[in-house]
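Listed below, chain by chain, are the residues.
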Amino acid sequence: MATPPLLWSRMPTACYFINSVSISANGQRIAAGTFFHDYSQSSADASAARRLSSEPDETPSQFGEFGTYVWDAAGNLLMSQVFEGWQGVYWVDLAADGTSVASCGWYQALPAYTGFIGACDVSTGTPTLFYKVPKRGNMVSLNANGTVLVAAADQGYVFVRAPGLSFAAPQILPLTNTSSSEQALVALVDAEGKTGAILSYHGEVIVFSMPQQQITTVQRWQVPNSAYVHAGALSGDGRYLFVGANDGTLYALEVASFLSNPQPAWSNTMPDGATTIYGVTCNDDGSLVGAAANLHTGGVVAIFSNQGQSGPLQWQSTTTQSPNGVSMDATGAYFAAAEGHSSSGGFSFWQPPSTTPTWFYPTSEMCWPIDIAANASLIAAGSDDGNVYLFQGPATS
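Residues numbered from 1 in each chain as written. Predicted model: local features only at pLDDT ≥ 70, side-chain atom pairs only at ≥ 80, totals over all residues. Heavy atoms only, no water.

Colleague: Any chance you could explain the side chain of Ser141 here in plain terms?
Modeller: Its place among the elements puts Ser141 in strand 10 (residues 139–142). From its side chain, Ser141 meets the backbone nitrogen of Val189 in a polar contact 3.3 Å long. Setting aside chain neighbours within four positions, we find Ser141 in contact with Asp93, Val148, Leu149, Val150, Ala187, Leu188 and Val189. (Helix = DSSP H or I, 4+ residues; strand = E, 2+ residues; numbered from the N terminus. Polar contact = N/O pair within 3.5 Å; in protein donor to acceptor, adjacent residues only side chain to side chain. Contact = heavy atoms within 4.5 Å.)

In structure tokens form, the structure reads like this:
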């Protein structure tokens, strides 16, 4: 196994988690946010508790200064947007062109529990959106040039702006299930900003089209078997949506067909009886989809070949601890996973068809996010040890 090609690490704030990272398509900009929640009091599995918007409490350590940060590939800080608040930034996303960054999470606990969805221009640091929501902002997704933002919180939100301007008021995608435990966990949008999706914890799949920046078609489907959903991926061209369920089933939706007949094109199960899919990724055209799921000890990562009406298993490997976030480059030639549970973790990088990681980088705390640049030049990752990491990728440009 090769020595991990670590280029640099940055710790924005000691003792805070890096729950999410994002890297631009060319690898030249890297974003992350600082987040903290005391999971020691949670009765749920650490990974399950992390995915769900936790019941608010007023632990003093959860109040502090949190922020969204962007660095260049040399590790120079380009932008920071900080606030005094509660728990902080749960998710970040960079536009593929690196010009805009979006983030979301918890904002305040007093006088009322309030989440947020925000965005900034990277070059100037000028905010282009700050929108309060009644639950934690769980995920944000920007199209390639940062003019469409899809967000998941208490429901789905779709924001649109003209280049150089701020985002307008959102178009709303309400969830069907109105129970207090329901929330939108996954938000996705394609490169052009014309197709998007919202996935809810209780398994509602909402797919929408917006050819002229206004939602024109919405279709819904319920994941069967009362399964929960934590992760999904949308191909860059908007043709395929992939949904991972907590019973270990991966679903593929062909978007154009789904919008007229809301049924999956195919489904497959994770190998070796693995369940609870926490990470889903795909290459740019959706011909390959990767997923990560838990075993009783450790986990399984797998790649399936999307053949339109079927998705046979193409490759699989294992992780020592529970796998969380996963990523592919634009072609699907490379695959990476962040793993960890409780007090240790790390990052693995593969070059399939080899099932042995090319390298593994261990950390002292569990890890959730990892993101390979579309051109495979660089790999960004983050850990509960408070560090943002940048690794050299296999490509040179």
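Colleague: Is there a simple way to explain the nonpolar core in this structure?
Modeller: Note on soluble globular proteins: their nonpolar side chains tend to be buried together. Counting 71 residues, the largest nonpolar core has Ile117, Leu149, Val205, Val223, Leu241 and Val243 as its most contacted members. Counting residues per element, this core draws most heavily on strand 14 (residues 184–189), at six residues. Not counting residues within four places of it along the chain, the set of residues in contact with Val205 comprises Ile198, Leu199, Gln219, Arg220, Trp221, Val223, Leu241, Val243 and Leu253. Ranked by size, the runner-up nonpolar core spans 19 residues in total, among them Ala233, Ala252, Ala265 and Val300. (Core = buried A, V, L, I, M, F, W, Y, C linked by side-chain atoms within 4.5 Å. Buried < 20%, exposed > 50% of the residue type's maximum accessible area, 1.4 Å probe, protein only.)

Colleague: Where do I start with the sheet that holds strand 5 (residues 77–86) in this structure?
Modeller: Strands sit in the order 2-3-4-5 across an open sheet of four strands; the sheet is antiparallel. Bordering the open sheet on either side are strand 2 (17–23) and strand 5, each of which pairs with just one other strand. Pairwise comparison of adjacent strand axes, ignoring direction, gives a mean angle of 15° for this sheet. Taken together, the five bridges between strand 3 (residues 29–35) and strand 4 (residues 63–72) define a ladder with antiparallel strand orientation. Note on strand 4: the bridge partner recorded for Gly33 is Thr68. (Pairing = 2+ DSSP bridges. Axes fitted to C-alpha atoms, helices over the stretch in contact; angles between N-to-C directions.)

Colleague: Looking at this model, I keep getting lost on the pairing of strand 27 (residues 335–341). Mind explaining?
Modeller: Note on strand geometry: in a regular strand, side chains alternate between the two faces of the sheet. The buried count for strand 27 comes to six of seven residues, which makes it a mostly enclosed element. Summarising the sheet, strand 26 (residues 323–328) and strand 27 pair through four bridges and their orientation is antiparallel. Bridging from a neighbouring strand, Met328 pairs with Phe335 of strand 27. In this antiparallel pair of consecutive strands, strand 26 and strand 27, the connection spans six residues, and Gly332 shows a positive phi of 85°. Sheet topology note: the strand 27/strand 28 (residues 344–350) ladder contains seven bridges and is antiparallel. Residue pairing across strands places Ala336 opposite Phe349, the latter belonging to strand 28. Where strand 27 folds back on strand 28, the antiparallel hairpin that results is connected by two residues, among which Ser342 adopts a positive phi of roughly 65°.

Colleague: Can you help me understand the pairing of strand 7 (residues 100–108) in this one?
Modeller: For strand 7, the tally of buried residues reaches eight of nine residues, placing the bulk of the element in the interior. The turn linking strand 6 (residues 89–94) back onto strand 7 is made up of five residues, and Gly98 within it adopts a positive phi angle of 75°. Two elements, strand 7 and strand 8 (residues 114–121), share eight bridges in a ladder whose sense is antiparallel. Looking at strand 8, one finds that Ala102 is bridged to Ala119. Two successive antiparallel strands, strand 7 and strand 8, enclose a turn made up of five residues.

Keep in mind these numbers describe shape, not what the thing actually does.
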